[in-house]
Amino acid sequence: MKPTYDITKSYDWNYENGPIFTGKIPERKNPHRGAGHSAKKFKLWDFELNSPIGVPAGPLLNSNWIKLYAELGFDIPVYKTVRSVYRECHPNPNCIYIQRRDQLTEDEIGADIVGNFNEPKNSREITITNSFGVPSKSPQEWMADIEKANSYMGEGQVMIVSINGTPGSGTDIVSDYVRVAEMAKEAGAKIIEANYSCPNVSTGEGSIYSDPEMSAKISQAIKKAIGNVPFMIKLGNFKNPAKLEEVAKANAPFVDGIAGINTIKMNVYNEAGEQALPGEGRLGSGLCGNAIHDIAQKFTENLAKIKRDNNFDFIICGVGGIMTADDFAERLEGGADIAMSATAAMWNPLLASEFHEKFGDKFN
Ligand SMILES: Cc1cc2nc3c(=O)[nH]c(=O)nc-3n(C[C@H](O)[C@H](O)[C@H](O)COP(=O)(O)O)c2cc1C
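Being a predicted model, the structure only gives us computed values, none of them experimental.

## Side note on the sheet that holds strand β12 (residues 264-269)
Then, in step 1: Around the barrel, which closes on itself, the five strands sit in the order β5-β6-β12-β13-β7 with mixed pairing between neighbours. With strand direction ignored, the average angle separating the axes of adjacent strands in the sheet is 55°.
Then, in step 2: Across four bridges, the pairing between strand β7 (residues 127-130) and strand β13 (residues 284-289) is antiparallel. Bridge pairing in β13 places T129 opposite L287.

## Observations concerning the pattern of salt bridges
Then, in step 1: What the rule picks out here adds up to 17 salt bridges.
Then, in step 2: The salt bridge partner of K358 is D326, with a shortest N-O separation of 3.0 Å. Note that K358 is positioned in helix α10 (residues 351-363) and D326 in helix α8 (residues 325-333), a separation of 32 residues in sequence.
Then, in step 3: The exposure class of D326 is partly exposed, given its relative accessible area of 39%.
Then, in step 4: Across the pair K362 and E333 runs a salt bridge whose closest N-O atoms are separated by 2.6 Å. With K362 in helix α10 and E333 in helix α8, this pair connects stretches of sequence that are 29 residues apart. Like E333, K362 is exposed.
Then, in step 5: Salt bridges linked by common partners bring R100, D102 and E108 together as one network.

## Details of the site of the ligand
Then, in step 1: Near the ligand there are 22 residues, and of these A57, K80, T81, G321 and T343 occur at the shortest range.
Then, in step 2: The side chain of K80 places a nitrogen or oxygen atom 2.7 Å from an oxygen atom of the ligand.
Then, in step 3: Between an oxygen atom of the ligand and a main-chain N or O atom of A342, the distance comes to 2.9 Å.
Then, in step 4: Protein contact buries 98% of the 610 Å² of open area that the ligand shows by itself.
Then, in step 5: Judged by its atoms lying within 2 Å of the grid points, the ligand is housed in the largest cavity.
Then, in step 6: Contributing elements (two or more residues each) for the shell around the ligand: β4 (76-82), β13 and α9 (343-347).

## Looking at the side chain of N94
Then, in step 1: With respect to the secondary-structure elements, N94 resides in the loop between β4 and β5 (95-98).
Then, in step 2: Polar side-chain contacts of N94 include one of 3.5 Å to the backbone oxygen of P91.
Then, in step 3: When residues no more than four places from it in sequence are discounted, the contact partners of N94 are Y5, Y11, C89, T129, N130, S131, F132 and R282.

## Section: the packing of helix α6 (residues 241-251) against helix α7 (residues 293-310)
Then, in step 1: Orientation of α6 relative to α7, taken along the N-to-C sense of each, is 55°, at an axis distance of 10 Å. Taken together, the axes of α6 and α7 are oblique relative to one another. The two elements α6 and α7 meet at a crossing, and its hand is right-handed. Residues P241, L244, E245, A248 and K249 of α6 lie in contact with α7, whose contacting residues are F299, N302, L303, I306 and N310.
Then, in step 2: Partitioned by chemical class, the residues of the contact of α6 with α7 number six nonpolar, two polar and two charged.

## Points about the packing of aromatic side chains
Then, in step 1: One pass over the full model with this rule turns up 13 aromatic pairs.
Then, in step 2: Ring centres of Y97 and W347 lie 5.7 Å apart, and the angle between their planes is 65°; this geometry places the pair in the edge-to-face category. Of this pair, Y97 sits in strand β5 while W347 sits in helix α9, and the two are 250 residues apart along the sequence. For the pair shown, Y97 and W347 are each scored as buried.

## With respect to the confidence of the model for the chain
Then, in step 1: Chain-level statistics for the chain give a pLDDT mean of 95 and a share of 97% at 70 or above.
Then, in step 2: Per-residue pLDDT stays below 50 along residues 33-39; that stretch engages in nine contacts with residues further than four places along the chain or on separate chains.

## Re the sheet that holds strand β9 (residues 191-195)
Then, in step 1: The strand order around the closed barrel built from eight strands is β3-β4-β8-β9-β10-β11-β14-β15, with neighbouring strands paired in parallel fashion. The sheet shows a mean angle of 25° between the axes of neighbouring strands, direction not considered.
Then, in step 2: With three bridges joining them, strand β14 (residues 315-319) and strand β15 (residues 338-340) adopt parallel strand pairing. The residue bridging C317 from the neighbouring strand is I338, located in β15.
Then, in step 3: Strands in contact with α8 are β3 (53-55), β14 and β15; relative to β15, the strand with the most contacts, it is inclined by about 145°.

Cut-offs used in this document
Residues numbered from 1 in each chain as written. Predicted model: local features only at pLDDT ≥ 70, side-chain atom pairs only at ≥ 80, totals over all residues. Heavy atoms only, no water. Pairing = 2+ DSSP bridges. Helix = DSSP H or I, 4+ residues; strand = E, 2+ residues; numbered from the N terminus. Axes fitted to C-alpha atoms, helices over the stretch in contact; angles between N-to-C directions. Salt bridge = Lys/Arg side-chain N within 4 Å of Asp/Glu carboxyl O. Buried < 20%, exposed > 50% of the residue type's maximum accessible area, 1.4 Å probe, protein only. Near = heavy atom within 4 Å. Polar contact = N/O pair within 3.5 Å; in protein donor to acceptor, adjacent residues only side chain to side chain. Areas by Shrake-Rupley, 256 points an atom, 1.4 Å probe, with all protein chains shown as cover. 1 Å grid on protein atoms, 1.4 Å probe; cavity = no way out; pocket = protein on both sides within 12 Å on 5 of 7 lines; lining within 4 Å. Sits in = over half its atoms within 2 Å of the grid points. Contact = heavy atoms within 4.5 Å. Parallel < 35°, antiparallel > 145°, perpendicular 65-115°, else oblique. Left-handed = near helix turned anticlockwise from the far one by under 90°. Nonpolar A, V, L, I, M, F, W, Y, C, P; charged D, E, K, R; others polar. Phe/Tyr/Trp six-rings, centres within 6.5 Å; stacked < 30°, edge-to-face > 60°. pLDDT = per-residue confidence, 0-100.

The structure is reproduced here in structure tokens:
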């Protein structure tokens, strides 16, 4: 399984040279187009889409990546999280494999795990840790690139732009989230997602999701600033569903969608027992891919129940451990309105096509 992102090379190398894809773009068997098919499409707010699946914030580094994955049938690609200021990436390596075939349990969250470069052989073997630290090009660069990326969206597709506030950027964190949201809107973002949950930063913005008051304060300010642009927030996992309910309730008046989960923070060592990823503050690194499937599925189901119980109208974006077409279907059946795959989509870029082939008539 050859990933589109070369994990042996730097983020900047991949930004300039990726994505790596030499295969053929599969022909789209779209049930909603062509003679004899109804014009029915999947509706997400005011957007009429070919399907409810996409790639979440992360693997799609710039417009070149967005273009390829849109062509591959990921109808809701997310532009990798951007900031109001330039931010360098953590040093390479940024992704390593975790040799783990079973599911992570809630009790193991935050425990020690071992990573290496032994390549996986199939989707169920792909669990990785990733740690980039939410790098960002300068606003001037990403704003121009977002306009380009939007131009690559085909009929029935829409791109989301992910944003992150930056502590120490010259203003307080609420104002900085607003500032970067306004920049994204100005650049032409059709939907904006605020990342409140990156475990790979040491400056505090990664734990906003677990603070009902702070997250709601930021959400309220962003929504006020961006007006009618649909607004989503990205959460991490909660061991306690009551806490998730608290956060959902606090944010519900201001958000149009809730996405989750982000990666799960673990302590990652190499086989010699040393910190696996180089640099200060990088022992803790986010786990993603197959091993977080069960925890992420549960998150979607819990959030769907909270939504039903409280009559909320936000949409749910299911993310985490979606490795196969069946996993997409399971997440959508579990209460997600849209569902996205990051790790599996990197190692199997044909995943969207497999979903459309198997479930096109049911979900698209
Ligand atoms: C290479 C990579 C980079 C990521 N970068 C971001 C990011 O910039 N912002 C964000 O909100 N999540 C980021 N994530 C997290 C994913 O959006 C997703 O929440 C997580 O990987 C779980 O999904 P998965 O199991 O399908 O990988 C990244 C994930 C990967 C694999």
